[in-house]
Amino acid sequence: MFSHNLCHAHGQSQQRNTLFKRIRNNGRHLTSLTLHSALKSQLQLPPDTIPIHRFTSLSEYRSGDLSLGRQAVLRDVGKYIQVPYATLIGLIFGSPPSNIPEIRKSLADSGVLEVASQGTTLQWAGFEVAPGPSNIPESDTFQPLVGVVSKIFSQTPDCNFSFISKPSTTPLSERQGTARPDAYVVCNRATNQDENPAANWIHWFDIAIPLEFKKNNLPRSQQDNEQKIVWNLHSIMREDPLRRFALGITIENTSMRLWYSSRAFLVASEPVDFLTSIEDVISLFHLIGNATKEQLGWDGIQLLSAFMFTICNQTFTTTRALAMYGADAMVSRGTRVWEARDISGKIVVIKDAWRDEDRDPEGAIQKGIFKDIRDKLGEEAETEAKKYFLEVLTYEDVNVHGKVDKTLKLAAEEGLKCFPVVVEPALSERRHLSSVGHIPDPDSEQLPTGRTRRAFPVGANIPSKVHARTVFQEVGTPLADVTLLANCLACLHGSQKGWVHRDFSVTNVLWVEKDGQGIGKLTDLEYAKRVDSETSHDVRTGTLHFMGVEVEIQQYLFTSKNLYTTRPSFRMNCLHDLESQWWGAMWVLLRHTDSKSPTSDVDGQLKCFHTAFPPLYKRQTRHPFFLKPNMFCALATLSESYRDVFASIVGLAYQLQDCYEKAEKHYPEVRLSDDLVQEAHKVASDAYSGSFERISGSDIELILLTKKRDSGCLSTGRENKRARRA
């Protein structure tokens, strides 16, 4: 966190006033860059990308409850693609090994493969009877796989992996996770357990491939395995910053499937019979044992006491993690951010993320914004605009083995199917530990809800992502962590100069201080695009709490009541970005209180906060709060020190609604003239600068409501009533 005491309070106030005046003066010119003409119809443009809300961004996921966390992950994933077994093996590993006959003979000579009691076919030792009808407990049924896989690994030179079944300990986790796979393939490490027993503990960093087993192949058993393997893959991708993708294996009775999880999608192979498909099993584990760590999903960067990145031939060493929560969702950008130093010791910020393959890098998008400003308004306006963006030092796509690092390229060939990931628990609410014979009713072949699961076709455009890294010159504090209210208001300004950001949140607006002066800067431009862009994407994520309400429901709300047979595709515009900033201001004001003069009714204020920002699982829309903010109810609960600020921001909501009505007055045409855009930006700038002037010199420092209440310094509504009665 940057210090807010770099200069005296009076000096800070003068700097902020100067900043707001500069914003107002320049806003009149910069906003004229909007590329919508008053007569251009949206009927000719494709629909904008529909946002997909991330459940892993909600508090329920971070509560520490395994059941809630797993449900959030499963909801985010939503589906998996099923591909032929041989296809997936080829995409991941390339050609199968050519020495399968020799390995098969060696396994037979060592007794791992033996002649079946009836006939001349070979079978795996220890699997004389299929797992389903055997009387052996489930925890022991698949134990013979240890000998099978270990023997196959021994046939590969310099194998760096081991197979462990029935692990006795839960893998170490930075998030205190309790998941324990039934088995896993792990990296070998040269440690001496007698000298340092802790060095042999398994961390999720060490697990190459987790495995989950079930004795039977009933739908509920398959569903339970799917849920557990998804959670295992999620744990690997979340915990390990070096993981580009992760592999997993599930077995139900004799049906074995290979899983692949990347930032673009989740894939499962069609099942093969691991008892009869001897060569498939040999080929799979020989490929695993012979693979490099990069082939199994790890990054090749150097890791000593810190990460060492080489980006555009420059070396950077990380000093601390700034933001890791972007990697919580499996199918996402997987954003991670570090503070780092270059070889001269200069502090920079490194951002590691996965962008859609058909999107430009963030550095290129920023250059495009600046070019538009320069072409339209000149170099002086470009120089002024650059003050409100994090400065990009360099950027490039990540290379692994001389090739650009991308997710698998799947062709939408005939027969490719998608299956929904079922969220409801399949068996019980027990902790995710090694299976111990927990078998459902053998007569049941329905999912727990009584619904059968049906496959649906894969779309024509299967997404693919590119691994990229960007280096920024400045280190900032996210708006979510800024504590001075005046600085929060200074962050909530500006526009995208003819572009729409489309993913505003309190984590991608930063407060940057240098030489005693501060300014709000915008980052995370991966989804930004020109307002007249004719591109659209099938998959993206968004931050629900800060979306414009029209964006949330993908519908224009401020049109006349006339009905039209032809409706335009919904398109996000700059008014929606301004509304997103408004939601950011509401989030700051309702989620915090003045640390020196706190609210007297924390329960009432929390209730107002959850009205404006309802939990996603309640499936409540936020548009009633924007259309008619309950100002008087909220005002009574807020700290008196900034009630005037709240009233001013509420007034901005009505002014933005007026702008929406003007833009949508000629619906089905949505007209955003330069004058209207200038008006919208001016009312927003005036609201924030006016709010700042109301608290000028007061230096109100904010603290989270929940943190203040937990410390015992805030009274609850019930305690207030009790005090009044006394």
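Residues numbered from 1 in each chain as written. Predicted model: local features only at pLDDT ≥ 70, side-chain atom pairs only at ≥ 80, totals over all residues. Heavy atoms only, no water.

1. Focus on the overall build of the protein chain
- Looking only at helices and strands, one finds 20 helices and 28 strands in the protein chain.
- For the protein chain, with 726 residues in total, the buried portion stands at 55%.
- Taking as baseline every contact in the protein chain between residues at least 6 positions apart, the subset at least 24 positions apart corresponds to 76%.
- Accessible surface for the protein chain amounts to roughly 31400 Å². Of this, 49% is attributable to carbon and sulfur atoms. (Helix = DSSP H or I, 4+ residues; strand = E, 2+ residues; numbered from the N terminus. Buried < 20%, exposed > 50% of the residue type's maximum accessible area, 1.4 Å probe, protein only. Contact = heavy atoms within 4.5 Å. Areas by Shrake-Rupley, 256 points an atom, 1.4 Å probe, with all protein chains shown as cover.)

2. Topic: helix H7 (residues 219-239)
- With 21 residues, H7 should reach 30 Å at 1.5 Å per residue; the first-to-last C-alpha distance of 30 Å fits that figure.
- The element H7 is largely enclosed, with a buried count of 19 among its 21 residues. (Expected span 1.5 Å × (residues − 1).)

3. Overview of the sheet that holds strand S25 (residues 517-522)
- In space, the three strands of this open sheet follow the order S22-S24-S25, with antiparallel pairing throughout. Each having just a single partner strand, strand S22 (477-478) and S25 make up the two edges of the open sheet.
- One ladder, built from six bridges, connects strand S24 (residues 509-514) with S25; its direction is antiparallel. For Trp 511, the partnering residue across the bridge sits in S25 and is Gly 520. (Pairing = 2+ DSSP bridges.)

4. Examining the pattern of salt bridges
- Overall, the coordinates contain 27 salt bridges when judged by the stated rule.
- The residue Glu 239 makes a salt bridge to Arg 238 at a minimum N-O spacing of 3.6 Å.
- Note that Lys 521 is salt-bridged to Glu 474, the shortest N-O span being 2.5 Å. Here the residue Lys 521 occupies a position in strand S25, and Glu 474 occupies one in the loop between strand S21 (465-472) and S22, the gap between them amounting to 47 residues. A single burial state applies to Lys 521 and to Glu 474, both of which are buried.
- Salt bridges sharing partners connect three or more residues here, namely Lys 214, Asp 224 and Lys 228. (Salt bridge = Lys/Arg side-chain N within 4 Å of Asp/Glu carboxyl O.)

5. Topic: the confidence of the model for the protein chain
- A residue-level look at the protein chain finds 77% of positions with pLDDT of 70 or above and a mean pLDDT of 80.
- Confidence over residues 1-45 falls short of pLDDT 50; this stretch has 113 contacts with residues more than four positions distant or in other chains.
- Confidence drops under pLDDT 50 across residues 494-498; counting only partners more than four residues distant or on other chains, this segment forms 20 contacts. (pLDDT = per-residue confidence, 0-100.)

6. A short note on the packing of helix H4 (residues 100-109) against helix H8 (residues 278-290)
- Taken N-terminus to C-terminus, the directions of H4 and H8 make an angle of 100 degrees; their axes are 10 Å apart at the nearest point. Judged by the angle between their axes, H4 and H8 are roughly perpendicular. The segment H4 lies against H8, with Ile 100, Ile 103, Arg 104 and Leu 107 engaging Ile 278, Glu 279, Ile 282, Ser 283 and His 286.
- Residues of the contact of H4 with H8, tallied by class, amount to five nonpolar, two polar and two charged. (Axes fitted to C-alpha atoms, helices over the stretch in contact; angles between N-to-C directions. Parallel < 35°, antiparallel > 145°, perpendicular 65-115°, else oblique. Nonpolar A, V, L, I, M, F, W, Y, C, P; charged D, E, K, R; others polar.)

7. Points about the packing of helix H6 (residues 145-154) against H8
- Their axes nearest at 9 Å, the elements H6 and H8 cross at an angle of 60 degrees. Taken together, the axes of H6 and H8 lie oblique to each other. You can see that H6 and H8 cross each other, and the crossing is right-handed. Here H6 contributes Val 149, Ile 152 and Phe 153 to the contact with H8, which in turn contributes Val 281, Ile 282, Phe 285, His 286, Ile 288 and Gly 289.
- Classifying every residue of the contact of H6 with H8 by side-chain character gives seven nonpolar, two polar and no charged. (Left-handed = near helix turned anticlockwise from the far one by under 90°.)

8. Regarding the nonpolar core
- Among the nonpolar cores identified, the biggest contains 79 residues, and Trp 582, Leu 590 and Phe 646 are the most heavily contacted of them.
- A total of eleven residues in this core trace back to one element, the largest contributor, which is helix H13 (residues 574-591).
- Setting aside residues up to four positions removed in sequence, Phe 646 forms contacts with Met 586, Leu 589, Leu 590, Met 631, Ala 634, Leu 635 and Leu 638.
- Grouped together as the second largest cluster of nonpolar side chains are 69 residues, Phe 163, Ile 209, Leu 247 and Ala 264 included. (Core = buried A, V, L, I, M, F, W, Y, C linked by side-chain atoms within 4.5 Å.)

9. A look at the side chain of Gln 605
- You can see Gln 605 is positioned in helix H14 (residues 602-612).
- Separated by 3.0 Å, the side chain of Gln 605 and the backbone oxygen of Leu 590 make a polar contact.
- Among the polar contacts made by the side chain of Gln 605, one reaches the main-chain carbonyl oxygen of His 592 at a distance of 2.7 Å. (Polar contact = N/O pair within 3.5 Å; in protein donor to acceptor, adjacent residues only side chain to side chain.)

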